[in-house]
Amino acid sequence: MTELQLLDGCAAITEAALAAGCRFFAGYPMSPFTGLLESMSRRMTQAGGTCVNAESEIEGINMALGASAAGARAATGSCGQGIALMQEAIAEMALNQTPMVVFNMARNQQDYFQCTRGGGWGDYRTLTLAPKDVPEAAEHTQLLFWLAERHRMPVILYGDPVLAQTQVGVRIEPRDHGPLPPRDWVLDGSQGGTGHSRQVWTWAMGKVTDPGPGPDGQWRAMAEKFDRIAASEQRSEAYRTEDADTIVVAFGTAALFVAYVVDELRAEGMRVGLFRPVTLWPFPAAALAEVTRTASRVLVFELNAGQMLDDVRQHVHDRETVGFIGGVSIHESGLTFGPLLDAAPIRERIVSAIDGQAPASLPAGRGGAR
Amino acid sequence: MTESPLVDTTAPPPGADGAVPVARARPSLILGEHGLCPGCGEPVALRLLLEVLQELDLVTRAIGVVGHGCYGSFVTIMDVDVLQCLHGRAPSCATGIKRVRPDVAVFTLQGDGDMVNEGLQEVLHTAARSENVTCILLNNGVFGDTGGQQTATTVVGQRTKTSLEGRDPAVHGYPIPIADLVASLPGVAYVARGAVSTPGEVGRTKRLLRTAFERQLEGAGFGLVEILTMCPTGWFVPASSGPGYLAESMVATYALGELSLRGAR
């Protein structure tokens with residue numbers, strides 16, 4: 001067994017990325033992603049890889065795209081605002097089939113739509129994992145490099161400031177997730193002059209001597225691929241839901257706090273459980289429908305104005321049971337969560353909902369949340 | 001169906017007695033016909049590039065990164081490993097490729113809209129980092145692919161669909177001499193500007209490209225070769241007037257020659 005190390009989330013992700021074979025990283029500082037860029041910068045060189053302090057997020061992700069197309073396990077990252085600048089390249093990689101791991105070390109949970117819908121063009125998807133704590137982030141990191149290469153697509157780890165900056169004991173165990181497809185698409189420069197030189201291209205038109213599927217064929221194939229991934233890669237965790245009358249749905253760090261409150265309320269005899277989407281896309285639709293079959297109340301807790309709420313309402317067993325107990329809550333610095341990420345307000349909101357009352361702390365405005 | 005009146009310039013002309021004129025031998029790295037307009041300068045530049053790759057024995061160790069413009073269609077006829085990238089981002093993609101495969105010759109193929117409009121930041125930062133790649137700019141001063149609009153290199157007085165009375169600095173600002181700008185940066189190894197408007201300039205431009213790749217193979221650092229190319233369609237002049245228009249308008253703004261030899265032996 002490997003040694004137990006005291007690492008913050010950024011350092012743990014870095015070690016896990018190296019264990020997964022990542023040898024190229026490019027990024028642009030932005031807190032709390034900055035910590036990941038710094039640890040990658042320090043460790044990547046020691047591991048014989050490359051870390052470029054890119055001059056912009058756009059340059060960073062395109063460097064990583066080039067590195068990945070040339071055969072390196074590559075990654076980049078930022079916070080939601082910087083990830084916004086990367087949307088063009090994320091969509092491009094989804095459609096030209098370049099593997100990539102994107103670390104969104106976000107400031108809050110307001111990037112759910114960005115991770116699961118994206119802002120690029122075309123029929124594309126980004127597989128997104130939302131770890132609840134540092135050890136899981138390290139596990140997810142290795143899984144993501146495997147998923148990115150298996151499906152040849154950009155994948156996202158959705159972290160947050162708590163995850164990035166909390167130090168915990170972690171063991172980085174190299175994981176074997178199984179065989180990967182041949183890397184016969186990698187550009188190594190060797191195929192020039194053969195009539196079958198390689199091409200990484202969203203439009204996939206191929207060479208005149210060796211035509212590709214073209215945009216219609218390529219984009220249909222990608223749509224079918226994402227359909228398959230949507231069906232095969234759903235991951236979730238149900239916690240104390242067996243006989244639960246009330247099920248709270250939460251992801252990431254917020255789910256960790258909800259689990260604590262669930263334990264408190266269970267100790268008091270209340271039949272409350274937690275359902276945690278681990279993949280935000282594909283959303284664990286089948287598992288949510290099943291776990292909410294007998295619940296009379298499904299409460300969505302997320303630190304935003306109600307984004308995952310859309311997915312819960314779409315896939316829950318009975319839409320009429322869904323209530324929203326989350327909300328926007330940002331620290332005055334703008335850089336991390338506000339006071340709503342705590343056991344007491346979460347407990348108050350769950351109990352008020354069960355009692356059929358609006359909690360005193362419910363914000364007046366909830367954006368587009370119904 | 002009558003026989004095509006087009007002259008096949010890819011084979012020796014009748015009566016050549018088996019001698020293959022060098023200027024007519026198609027480089028084997030060109031897989032088929034280009035679909036660009038009569039009088040376009042870009043296929044000439046492509047040919048020079050591919051000839052240089054062959055002459056330097058780089059055929060099986062070269063990766064191109066191609067941007068968006070008319071030349072983007074070359075991806076289907078150039079027999080070289082290629083990443084077709086996003087508009088303007090080729091120097092960044094080339095950076096990633098070269099860092100991963102330092103033994104491969106890495107080049108970009110970009111137009112003025114791609115490099116100087118959309119991707120100005122990418123090319124400047126890549127040059128300042130002195131990445132050991134060769135960026136090739138095909139500069140015709142207009143957005144040819146979309147039908148002749150003003151770019152950041154449209155020369156003063158030039159008429160385009162978005163500067164109908166001619167580029168007026170008071171209204172449209174001034175063109176960016178990208179090669180001169182890059183040549184002023186420390187760490188840049190080789191910057192040159194050529195043209196494909198006359199046989200003499202075609203020959204000189206090929207030598208510039210060859211030197212740029214030689215510098216990359218020596219590990220000298222960033223290289224940029226700007227090639228002025230004719231776009232009679234986008235300039236709204238007859239195909240035969242392209243070379244003359246290029247000489248009168250563009251060369252007056254963009255001086256030809258080697259602009260930085262810092263990486264020279």
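Definitions and limits used
Residues numbered from 1 in each chain as written. Chains lettered and ligands numbered in written order. Predicted model: local features only at pLDDT ≥ 70, side-chain atom pairs only at ≥ 80, totals over all residues. Helix = DSSP H or I, 4+ residues; strand = E, 2+ residues; numbered from the N terminus. Contact = placed C-beta atoms within 7 Å. Buried ≥ 20, exposed ≤ 12 C-beta atoms within 10 Å, placed from the backbone. Pairing = 2+ DSSP bridges. Right-handed = clockwise from strand over helix to strand, strands pointing away. Axes fitted to C-alpha atoms, helices over the stretch in contact; angles between N-to-C directions. Core = buried A, V, L, I, M, F, W, Y, C linked by C-beta atoms within 7 Å. Domains from an automatic or database assignment. Parallel < 35°, antiparallel > 145°, perpendicular 65-115°, else oblique. Left-handed = near helix turned anticlockwise from the far one by under 90°. Nonpolar A, V, L, I, M, F, W, Y, C, P; charged D, E, K, R; others polar.

Draft legend 1. Seen up close, the overall build of chain B. Within chain B, the secondary structure is distributed over nine helices and nine strands. Long-range pairs, those at least 24 residues apart, make up 68% of the contacts in chain B between residues at least 6 apart in sequence.

Draft legend 2. Layout of the overall build of chain A. From N to C terminus, chain A includes 13 helices and 17 strands. In terms of its C-alpha atoms, chain A occupies a principal-axis envelope of roughly 75 × 45 × 40 Å. Looking at chain A residue by residue over its 370 residues, the buried ones come to 54%. Intrachain contacts of chain A at a sequence separation of at least 6 include 78% that bridge at least 24 residues.

Draft legend 3. Representation of the interface of chain A and chain B. Tallying the contact residues gives 36 residues for chain A and 35 residues for chain B. If you list the elements that add at least two residues to the side of chain A that touches chain B, you get α3 (57-69), α5 (87-96), β9 (199-200) and β10 (206-207) of chain A. Pairing analysis gives two bridges linking β9 of chain A to strand β2 (residues 81-84) of chain B, with the strands arranged parallel. Bridging from a neighbouring strand, V200 of chain A pairs with L83 of chain B of β2 of chain B.

Draft legend 4. Layout of the pairing of strand β3 (residues 50-53) of chain A. Residue and element names in this part refer to chain A. The pairing of strand β2 (residues 22-27) with β3 spans four bridges and is classified as parallel. When the bridges of β3 are listed, F25 appears paired with C51. Read as a crossover between parallel neighbours, the route from β2 over helix α2 (residues 34-46) to β3 is right-handed.

Draft legend 5. Expanded view of the sheet that holds strand β7 (residues 154-159) of chain A. All names here are of chain A. Taken in spatial order, the seven strands make up an open sheet running β3-β2-β4-β5-β7-β6-β15, and their pairing is mixed. One side of each edge strand has no neighbouring strand; the edge strands of this open sheet are β3 and β15 (279-281). Between one strand and the next, the sheet's axes are offset by a mean angle of 20°, whatever the strand orientation. Direction of pairing for β2 relative to strand β4 (residues 73-78): parallel, over a ladder of five bridges. Paired with F24 across the strands is A74, a residue of β4.

Draft legend 6. Main features of the nonpolar core. Among the nonpolar cores identified, the biggest contains 195 residues, and A64, V101, V248 and V258 of chain A together with I97 of chain B are the most heavily contacted of them. With nine residues, helix α7 (residues 134-151) of chain A is the largest single contributor of residues to this core. Two domains each donate at least three residues to this core, and these are domain 1 (5-170) and domain 2 (236-354) of chain A. When sequence neighbours within four positions are dropped, the list of residues in contact with A64 of chain A reads F24, A26, A74, A75, T76 and M100 of chain A together with G96 of chain B.

Draft legend 7. Seen up close, the pairing of strand β5 (residues 100-105) of chain A. Residues and elements named next belong to chain A. Summarising burial for β5: six of the six residues are buried, a large majority. Burial along β5 is two-sided: M100, V102 and N104 and V101, F103 and M105, pointing in opposite directions, are all buried. Here β5 pairs with β7 via six bridges, running parallel. Across the sheet, N104 pairs through a bridge with Y158, a residue of β7.

Draft legend 8. View of the domain arrangement of chain A. Residues and elements named next belong to chain A. The domain boundaries assigned to chain A delineate domain 1 (5-170) and domain 2 (236-354). Look at where the C-alpha atoms of domain 1 and domain 2 centre, and you get two points 26 Å apart. In this assembly, 23 residues from domain 1 lie in contact with 21 residues from domain 2. With four residues, the single largest contributor to the side of domain 1 that touches domain 2 is helix α6 (residues 112-116).

Draft legend 9. The environment of K225 of chain A, seen in detail. Residue and element names in this part refer to chain A. Residue placement: K225 occurs in helix α9 (residues 214-232). You can call K225 partly exposed: it has 17 C-beta atoms within 10 Å. Taking the C-alpha atoms as reference, K225 lies 31 Å from Y239; in sequence the two are 14 residues apart.

Draft legend 10. Structural context of unusual backbone geometry. All names here are of chain A. Cis geometry marks the peptide bond from S31 to P32, where omega comes out at 5°. Mapped onto the elements, P32 comes out in the loop between β2 and α2. The step from W281 to P282 runs through a cis peptide bond, and the omega angle for that step is -5°. Looking at where P282 falls in the secondary structure, it is placed in the loop between β15 and α11 (285-291). With a phi angle near 55°, R240 is a residue other than glycine that sits in the positive phi range. Inspection of the secondary structure puts R240 in the loop between β12 (236-239) and β13 (246-249).

Draft legend 11. Inspection of the sheet that holds strand β1 (residues 62-66) of chain B at higher detail. Pairing in this open sheet of eight strands is mixed, and the strands run β9(A)-β2(B)-β1(B)-β3(B)-β4(B)-β8(B)-β7(B)-β9(B) from one edge to the other. The strands lining the two open edges of the sheet, one partner per strand, are β9 of chain A together with β9 (257-260) of chain B. Relative to strand β8 (residues 223-228) of chain B, strand β4 (residues 134-139) of chain B is paired through six bridges, and the arrangement is parallel. Bridging across to β8 of chain B, C135 of chain B finds its partner in L224 of chain B. Contacts from helix α7 (residues 199-217) of chain B reach β3 (105-111), β4, β7 (190-195), β8 and β9 of chain B, with the element oriented near 160° to β7 of chain B.

Draft legend 12. Molecular detail of the packing of helix α10 (residues 252-267) of chain A against helix α13 (residues 343-354) of chain A. Residue and element names in this part refer to chain A. Where α10 contacts α13, the two axes come as close as 9 Å, and the packing angle between them is 60°. In terms of orientation, α10 lies oblique with respect to α13. Between α10 and α13 the crossing geometry is right-handed. Residues F257, V258, Y260, V261, E264 and L265 of α10 pack against A343, I346, R347 and I350 of α13. Considering only residue class, the contact of α10 with α13 consists of eight nonpolar, no polar and two charged.

Draft legend 13. The packing of helix α2 (residues 90-100) of chain B against helix α4 (residues 120-128) of chain B, seen in detail. All names here are of chain B. Remark: α2 packs on α4, axes separated minimally by 7 Å, with the N-to-C direction vectors making an angle of 40°. Here α4 runs oblique to α2, going by the angle between their axes. In contact with P91, S92 and T95 of α2, α4 contributes E122, V123 and T126. Split into classes, the residues belonging to the contact of α2 with α4 amount to two nonpolar, three polar and one charged.

Draft legend 14. Structural context of the environment of C70 of chain B. Residue and element names in this part refer to chain B. Counting through the fold element by element, C70 comes out in the loop between β1 and β2. Taking the C-alpha atoms as reference, C70 lies 24 Å from A255; in sequence the two are 185 residues apart. The contacts of C70, once residues within four sequence positions are left out, are L36, E42, G144 and D145.

Draft legend 15. Geometry of α2 of chain B. Judged by how many residues are buried, α2 of chain B sits mostly within the fold: 11 of 11 residues are covered. Along α2 of chain B, the positions that sit buried rather than exposed are A90, P91, S92, C93, A94, T95, G96, I97, K98, R99 and V100 of chain B.

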